[in-house]
Amino acid sequence: MTTGTESPRTLPSMALATPLPASDSRCRAWGLTGLLLVLYAINLSDKAIFGIIAQPLAEELGLSSSQLGLAASLFYLTFTIGCLGAGLLNRWLSLRWSLTILALCWAASLLPVVVVATFGVFVAGRLILGLSEGPSSALIHTATYSWHPREKRGLPSALLASAASVAKIAGAPILAYVAVTHGWRASLIALTVAGMLWCVVWLAVWSDGPYAAGRAKDAPVKGALPAQGEEPRVPWMRIFTTRTFVAGVLLTMSVYGLITTVLTWLPSYFEKGLGYSRLQAGAMFALPSIFSLVCMLSTSVIGDHLITRGATSRAVRILLPGSGVVLCGIILFALPYISHPAVAVVVVSAGYAFAVSVSPLYNAVLSEICPPAQIAGTLGVFMAITAIGGLIAPYATGMIVDAAATPVAGYSLAFQLQGGVAAFFAILVLVLANPARDKAIIRGATPTP
């Protein structure tokens with residue numbers, strides 16, 4: 001039993017009772033970051049599988065594009081609610097057990113529709129999946145940041161964000177092949193097995209890192225920020241009302257809408273809109289992710305290097321990705337005027353790549369401006385609000401496609417509109433967001449009791 005502000009998750013870990021040599025500590029940090037990357041890839045494969053099985057599922061159940069879009073958007077309704085639970089889970093359970101429980105819930109939520117294939121059962125499974133996936137992103141980032149200092153979190157953030165690319169580059173072609181050759185049910189079973197196997201490895205090797213809240217005083221690991229875990233908590237509204245947080249929510253929400261549209265509709269766009277085969281569409285699902293992976297990793301590595309050399313967080317983590325989203329809007333604006341399928345694929349891929357780098361860099365910004373003990377709660381609220389983009393965009397896209405003269409016209413218009421909205425909010429962020437200013441504002445708040 002604990003007293004005061006102490007909780008089980010902040011007690012010293014036996015694995016770190018004796019400080020590790022700096023080289024061993026960094027190897028362990030990157031090894032556990034890799035394990036969390038695998039979890040995130042499984043997490044995002046659970047979302048991406050919807051896009052892969054959308055057409056065979058629609059054919060078997062007789063669903064329209066609007067119904068598919070509704071099922072995709074309802075996932076983000078419970079996902080938004082689930083995100084708000086990240087801070088509570090972080091206080092009630094250790095990271096080890098909270099992520100284990102969530103991963104097992106993901107795996108279980110995929111199975112009901114395998115047994116009973118109806119639209120109602122499918123939607124129910126998506127609702128359960130959204131609720132259990134909601135807290136996971138904030139907790140995965142919190143676990144990762146516990147092994148990396150603040151000034152070097154850009155690359156780990158980008159690697160986590162690249163899990164979406166890994167899921168689509170490595171996982172999507174495999175899942176598409178399984179779905180085409182063995183049926184869409186087999187692809188869901190494969191993901192369930194992958195999630196369970198990950199839990200076994202996770203329980204065997206995980207321990208909290210030296211930068212976790214409350215750990216700096218427990219384990220004096222070389223290179224840890226002194227007394228970082230002792231920073232006082234501040235009123236939540238002081239964080240949530242800063243211009244950096246508010247402008248970032250609007251931008252990331254619009255980008256998240258674009259991301260969820262790609263996850264839900266891109267294979268259908270390639271198949272029904274551009275005329276590619278189902279297997280080709282599933283394999284080509286990886287192309288935007290290849291573009292985005294190169295973009296995210298290069299900007300994050302360069303950004304972390306520039307920050308350690310004295311560049312401001314605003315220049316590296318606000319101005320650079322914000323300008324990329326503006327460029328995304330310009331690129332996607334041209335999509336309805338392109339008639340060649342291969343060129344359309346390149347345009348969508350490039351626009352997507354320029355937009356998605358904003359998410360990992362903004363997560364790093366938020367971890368910088370708020371106290372360590374409030375990172376999970378801050379990211380949970382931030383991701384809950386931004387997930388509203390996922391609640392709106394897939395359903396809106398389905399309605400646009402159903403109302404359009406042709407599928408290709410509908411998909412092109414949907415991508416064009418979403419790129420324009422994201423570009424508008426990117427300009428807002430370029431004007432309003434300033435991490436250094438808002439960090440000083442937050443640190444000036446009266447500590448909470």
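Residues numbered from 1 in each chain as written. Predicted model: local features only at pLDDT ≥ 70, side-chain atom pairs only at ≥ 80, totals over all residues. Heavy atoms only, no water.

Q: Hey, could you run me through the overall build of the protein in this one?
A: Scanning the protein from N- to C-terminus turns up 21 helices and zero strands. In the protein, buried positions account for 56% of the 449 residues. When the accessible surface of the protein is summed, it comes to about 17,000 Å², and 72% of that surface belongs to carbon and sulfur atoms. (Helix = DSSP H or I, 4+ residues; strand = E, 2+ residues; numbered from the N terminus. Buried < 20%, exposed > 50% of the residue type's maximum accessible area, 1.4 Å probe, protein only. Areas by Shrake-Rupley, 256 points an atom, 1.4 Å probe, with all protein chains shown as cover.)

Q: Before we go on, may I ask you to explain a nonpolar patch on the surface in this structure?
A: Together, I169, L287, I290, F291 and V346 make up a nonpolar patch on the protein surface, roughly 360 Å² of accessible area in all. When residues of the nonpolar patch are assigned to their parent elements, the largest contribution, three residues, is made by helix α14 (residues 287-308). Turning to its location among the elements, I169 is positioned in helix α9 (residues 163-182). (Patch = residues over 30% accessible without salt bridge, like charges linked within 9 Å, V, L, I, M, F, W, Y side chains within 5 Å. Salt bridge = Lys/Arg side-chain N within 4 Å of Asp/Glu carboxyl O.)

Q: Would you mind showing me how to read the pattern of salt bridges here?
A: Any two side chains of opposite charge can pair, so long as their charged atoms come close to each other. If you walk through the whole model with that rule in mind, you get three salt bridges. In this structure, R185 engages E60 in a salt bridge whose closest nitrogen and oxygen atoms are separated by 2.8 Å. Here the residue R185 occupies a position in helix α10 (residues 184-205), and E60 occupies one in helix α1 (residues 22-61), the gap between them amounting to 125 residues. R185 gets classed as partly exposed once you look at its relative accessible area, which sits at 29%. Judged by relative accessible area, which is 42%, E60 ranks as partly exposed. Here R317 makes a salt bridge to E368, at a shortest N to O gap of 3.6 Å. With R317 in helix α15 (residues 313-333) and E368 in helix α17 (residues 358-369), this pair connects stretches of sequence that are 51 residues apart.

Q: What's the story with the environment of S65 in this structure? I'm lost.
A: Here S65 lies in helix α2 (residues 65-83). Each C-alpha atom, one on S65 and one on V401, is 7.0 Å from the other, the two residues being 336 residues apart in sequence. What S65 contacts, discounting residues up to four positions off in sequence, is W265, G398, V401 and D402. (Contact = heavy atoms within 4.5 Å.)

Q: Quick question: what am I supposed to make of the side chain of T260 here?
A: By the element assignment, T260 lies in helix α12 (residues 243-273). The buried category is assigned to T260, whose relative accessible area is 0%. There is a polar contact of 2.9 Å between the side chain of T260 and the backbone oxygen of G257. (Polar contact = N/O pair within 3.5 Å; in protein donor to acceptor, adjacent residues only side chain to side chain.)

Nothing here speaks to function; it is geometry throughout.
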